[in-house]
Amino acid sequence: MTDRTILAVTGSDRVKFLHGLTTNDLRTPTEGIAYAALLTPQGKYLADFFMVGQADRILIDVATPLAAGLMQRLTMYRLRADVQIAATDLQVKRGTGDAPEGALTDPRDAALGWRLYGAEGGDDGTDWAALRIEHLIPETGVELGPDSYILEQGFDRLNGVDFKKGCYVGQEVTARMKHKTELKKGLVRVLVDGAAEAGTPIMAGDKEAGVLHTVSGGKGIAYLRFDRADGEMTAGEAKVTRA
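In short, a report on the structure. (Residues numbered from 1 in each chain as written. Predicted model: local features only at pLDDT ≥ 70, side-chain atom pairs only at ≥ 80, totals over all residues. Heavy atoms only, no water.)

Turning next to unusual backbone geometry. The phi dihedral of Leu 136 falls on the positive side, at around 55 degrees, and the residue is not glycine. When you line up the elements, Leu 136 lands in the loop between helix H3 (128-135) and helix H4 (171-179). (Helix = DSSP H or I, 4+ residues; strand = E, 2+ residues; numbered from the N terminus.)

Bringing the sheet that holds strand S6 (residues 91-95) into the picture now. In a beta sheet, neighbouring strands are held together by backbone hydrogen bonds and run either parallel or antiparallel to one another. Reading across the sheet, the four strands line up as S7-S8-S6-S9 and stay open at both edges, with mixed pairing between neighbours. Bordering the open sheet on either side are strand S7 (104-105) and strand S9 (122-123), each of which pairs with just one other strand. (Pairing = 2+ DSSP bridges.)

Pairing is antiparallel in the open sheet, where five strands are placed in the order S2-S3-S4-S1-S5. The two strands at the open ends of the sheet, each matched to only one other strand, are strand S2 (32-39) and strand S5 (84-87). Each neighbouring strand pair of the sheet contributes to a mean axis angle of 30 degrees, computed without reference to strand direction. Note that S2 and strand S3 (residues 45-53) share eight bridges and pair antiparallel. Residue pairing across strands places Ala 37 opposite Asp 48, the latter belonging to S3. Against the sheet, helix H2 (residues 64-78) engages strand S1 (4-10), S2, S3, strand S4 (58-63) and S5, with an angle of about 135 degrees to S4. (Axes fitted to C-alpha atoms, helices over the stretch in contact; angles between N-to-C directions. Contact = heavy atoms within 4.5 Å.)

Position of His 213 relative to the elements: it lies in strand S12 (residues 207-216). Judged by its relative accessible area of 14%, His 213 falls in the buried class. A polar atom in the side chain of His 213 sits 3.5 Å from the backbone oxygen of Val 142. (Buried < 20%, exposed > 50% of the residue type's maximum accessible area, 1.4 Å probe, protein only. Polar contact = N/O pair within 3.5 Å; in protein donor to acceptor, adjacent residues only side chain to side chain.)

In the structure shown here, the tally under the stated rule is two aromatic pairs. Ring centres of Tyr 35 and Phe 50 lie 5.4 Å apart, and the angle between their planes is 40 degrees; on these two criteria the pair is classed as tilted. Taken together, the residues span a long stretch of sequence, with Tyr 35 in strand S2 and Phe 50 in strand S3 at a distance of 15 residues. One exposure class covers both Tyr 35 and Phe 50, and it is buried. Relative to Phe 155, the ring of Tyr 35 lies with its centre 5.0 Å away and its plane at 25 degrees, an arrangement referred to as stacked. Of this pair, Tyr 35 sits in strand S2 while Phe 155 sits in the loop between H3 and H4, and the two are 120 residues apart along the sequence. By relative accessible area, Tyr 35 is classed as buried at 1%. Looking at Phe 155, the relative accessible area reads 0%, which means it is buried. Members of the aromatic cluster, connected to one another through ring pairs, are Tyr 35, Phe 50 and Phe 155. Arg 94 extends its terminal NZ or CZ atom over the ring of Trp 128, reaching a point 4.0 Å from the ring centre. (Phe/Tyr/Trp six-rings, centres within 6.5 Å; stacked < 30°, edge-to-face > 60°. Lys NZ or Arg CZ within 6 Å of the ring centre and 35° of its normal.)

Below, the discussion takes up H2. The α-helix advances 3.6 residues per turn, and as a result positions three or four apart in sequence lie on the same side. Taking 1.5 Å per residue as the helical rise, H2 with its 15 residues ought to reach 21 Å, and the 21 Å between its terminal C-alpha atoms agrees with that figure. What H2 keeps buried is the set Ala 67, Leu 70 and Leu 74. Contacts from the buried residues of H2 go to S1, helix H1 (14-19), S2, S3, S4 and S5. Immediately beyond the C-terminal end of H2, within one or two residues, lies Leu 79, with a positive phi of roughly 50 degrees. (Expected span 1.5 Å × (residues − 1).)

Rendered as structure tokens:
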């Protein structure tokens, strides 16, 4: 999903406001880039995005289909805070080659290259699906959806959640999943032998083990129940095994 919308959050309370809502720590540094999510009070995913600190504003780089809903939700939480939220005309350019001046390293994993905010968008032709599979990176609207819990999607590995920052929306559920339970489901890199489309259920015998998501070059990202993910599985006519 390459269509992105860049929101600008301004006002004297912008850092405190976003810090209290999102899964990552915004207090220091106030400049740079961070990856984070906004959750429901029940700890489920609403949106993931990049936050880019600038001198007088924080940019939010979010997938366009989620932008209106995110803006509405942030506005609802604003109450009396000195915060303004508006869409901008900025675009994002990304790539994995030599980074242009002003570009920022993708905070999820340096292998994902850089992001540059300005008047022009686009990318350098990188095979993003293959790269995401190699590094097990979830994508908005593909692996990440309304039923997602961010720890099952690897947000702690992707620098997308800070467990020391204190309260934020959905923090209690997220912290309990981290410290008091063992994850029973999550994203797994798989080998796919045969043709299978994203969204195909993965079966372990006669039991559903999960769902196949991104597929490229005989490899894929799957969301699996760990207790059913041993040995050979199937996704339609394709054979699936954990990589």
